[in-house]
Amino acid sequence: MTSVPPPAVESSSQAIIDLDREYVLQNYARYPLALVRGKGCYVYDPEGRRYLDFIAGIGVNAFGHAHPRIVQAIREQAGLLIHCSNLYHNHYQGPLAKRLAEISGLKRTFFANSGTEAMEGALKMARAHGHSIHPDKYEIVSLENSFHGRTLGALSVTGQPKYRSDFEPLLPGVKFVPLNDIAALEAAFSERTAGIVVEMIQGEGGIYPLTREFTAKARELADRYNALLIADEIQCGVGRPGTWFAYQRSQPAIQPDVVTAAKPLAAGLPLGVIIANEKAAAALQPGMHGSTFGGGPFACRVALEALDIMEELLPAIQRVGGYFHVVLNELARKHSFVKEVRGFGLMLGVELTVPGKQMVVDAMAEGLLINCTHDTVLRFLPPYIATEKEVDQAVKVIAKLFGKVK
Ligand SMILES: Cc1ncc(COP(=O)(O)O)c(C=O)c1O
């Protein structure tokens, strides 16, 4: 029988929370919950309480927790080579880049460590692309309500004042247009436009998909003005919508020039990527960009294993996600305060006309981890291994909480 090894530091929930409050920078409004281990779709607190994890580390833990194939890949690679820097080649960058090219249709990968870092590189790519044409070609079009990360470049294209206002002035030349507003999109483009950044399904903004018409117009305008179309697939991609990427959901796929991805890519290890076509990739010449940690053999090996597992799970993501959508809609019909159920695959949001934050806390007390974005949108990002059984379990809790709304 395999026994669970104890954590490196033995502590109660309260001791963990107290120490955090005393010494850790207080930039997160964390829930009063500490987690010490996980197995499959469940996580456990130090007191042994079990939670069904339907937020999966905000879309990171693609295969839940302690997936045997991921654990094995980590164990093997930890004993071989964890890091060697980009001064040298390693075994896994090439095969992973090749695999990413096959699934995305974009030829070249740059390896970073997080979503926001991938966005920084993609923005540099757009800027360098524009610069190679004319020094005034530096503008970026982005969408209102979008979220692209916390570093200054990514913040500059994030269309939500609450994230930006404390850090202004940010990058000049960013124009925001409302989601799916084709006229505003056309008005924002000019010869000065170097790139446009979109999330095919806005995540942090409340699970809002782009229409095909809007995406097609973005592609057309990017072509007309020789700008790069950048798809931020950090939350909505890498299997989550039931296809490899959200831009592949409607066929024929409208190809971006650049894709950024991160979150589930290495099943919990930090790894971000920029995947670019040859035209976009050519903008970054030797010496123009880099990363010490990016693309280390450890994360790349695990990502290769993760993509193999993910490929097997894509049909299940579509099936289980479809089922989840249907049962949430059934629940919605019974409660007038549910405005809409949105999303695709295992990226779903339920918009309420009442605040959702307390519901997240109440769900936690019932053993379910979910999240609320934009105050009123309950967000579900279950692991890709979730089945109808776990969905039923989650919906039972949600139904109970909805039943209490006055
Ligand atoms: C769409 C999108 N882009 C970028 C990011 C930033 O990623 P990271 O937190 O890994 O820097 C996020 C994170 O939530 C995201 O959802």
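Residues numbered from 1 in each chain as written. Predicted model: local features only at pLDDT ≥ 70, side-chain atom pairs only at ≥ 80, totals over all residues. Heavy atoms only, no water.

Caption draft 1: Layout of the site of the ligand. Taken together, Ser-114, Gly-115, Thr-116, Phe-147, His-148, Gly-149, Glu-199, Glu-204, Asp-232, Ile-234, Gln-235 and Lys-263 form the complete shell of residues around the ligand. Within the side chain of Asp-232, an N or O atom sits 2.7 Å from a nitrogen atom of the ligand. Lys-263 has a polar side-chain atom sitting 3.1 Å from an oxygen atom of the ligand. (Near = heavy atom within 4 Å. Polar contact = N/O pair within 3.5 Å; in protein donor to acceptor, adjacent residues only side chain to side chain.)

Caption draft 2: Local environment of the environment of Pro-95. Positionally, Pro-95 belongs in helix 4 (residues 93–104). C-alpha of Pro-95 to C-alpha of Leu-304: the two residues are 209 residues apart in sequence and 7.8 Å apart in space. (Helix = DSSP H or I, 4+ residues; strand = E, 2+ residues; numbered from the N terminus.)

Caption draft 3: Here's a closer look at the nonpolar core. Residues Phe-54, Phe-63, Leu-378 and Phe-402 are the most contacted members of the largest nonpolar core, which totals 101 residues. Here this core takes 19 residues from helix 11 (residues 297–333), the largest share from any one element. Grouped together as the second largest cluster of nonpolar side chains are 25 residues, Ala-126, Ala-154, Val-197 and Leu-228 included. (Core = buried A, V, L, I, M, F, W, Y, C linked by side-chain atoms within 4.5 Å. Buried < 20%, exposed > 50% of the residue type's maximum accessible area, 1.4 Å probe, protein only.)

Caption draft 4: Representation of the sheet that holds strand 3 (residues 50–53). Spatially, 1-2-3-15 is the arrangement adopted by the 4 strands of the open sheet, whose pairing is mixed. Each having just a single partner strand, strand 1 (37–39) and strand 15 (368–369) make up the two edges of the open sheet. The sheet strands contacting helix 13 (residues 388–404) are strand 2 (42–44), strand 3 and strand 15, and the helix crosses strand 3 at an angle near 105°. (Pairing = 2+ DSSP bridges. Contact = heavy atoms within 4.5 Å. Axes fitted to C-alpha atoms, helices over the stretch in contact; angles between N-to-C directions.)

Caption draft 5: Representation of the pattern of salt bridges. Overall, the coordinates contain 27 salt bridges when judged by the stated rule. The network of salt bridges with common partners includes Glu-186, Lys-217, Glu-220 and Arg-224. (Salt bridge = Lys/Arg side-chain N within 4 Å of Asp/Glu carboxyl O.)

Caption draft 6: Geometry of the side chain of Glu-351. As for its position among the elements, Glu-351 is in strand 14 (residues 347–352). Side-chain polar atoms of Glu-351 contact the side chain of Arg-342, separated by 2.7 Å. Dropping the residues within four chain positions of it, Glu-351 is found in contact with Tyr-208, Phe-337, Val-338, Lys-339, Glu-340, Arg-342, Thr-376 and Val-377.

Caption draft 7: A look at the sheet that holds strand 10 (residues 228–232). One open sheet accounts for 7 strands, arranged 4-12-11-10-7-5-6; its pairing is mixed. Strands at the two margins of the open sheet, each flanked by one partner only, are strand 4 (108–112) and strand 6 (174–177). The mean angle between the axes of side-by-side strands here comes to 20°, regardless of whether they run parallel or antiparallel. Strand direction decides the pairing type here: strand 10 and strand 11 (residues 258–261), joined by 3 bridges, are parallel. Bridge pairing links Ile-230 to Val-258 in strand 11. Along the sheet face, helix 9 (residues 212–224) touches strand 5 (139–143), strand 6, strand 7 (193–198) and strand 10 and points at about 145° away from the line of strand 10.

Caption draft 8: View of unusual backbone geometry. The step from Glu-168 to Pro-169 runs through a cis peptide bond, and the omega angle for that step is 5°. With respect to the secondary-structure elements, Pro-169 resides in the loop between helix 7 (161–164) and strand 6. Between Gln-251 and Pro-252 the backbone carries a cis peptide bond, its omega angle lying at -5°. With respect to the secondary-structure elements, Pro-252 resides in the loop between strand 10 and strand 11. Unlike most non-glycine residues, Asn-145 shows phi in positive territory, near 75°. If you trace the backbone, Asn-145 turns up in the loop between strand 5 and helix 6 (152–156). On the accessibility criterion, Asn-145 (19% relative accessible area) is buried. If you check the backbone angles, Asn-226 has positive phi at about 50° while not being a glycine. Here Asn-226 shows up in the loop between helix 9 and strand 10.

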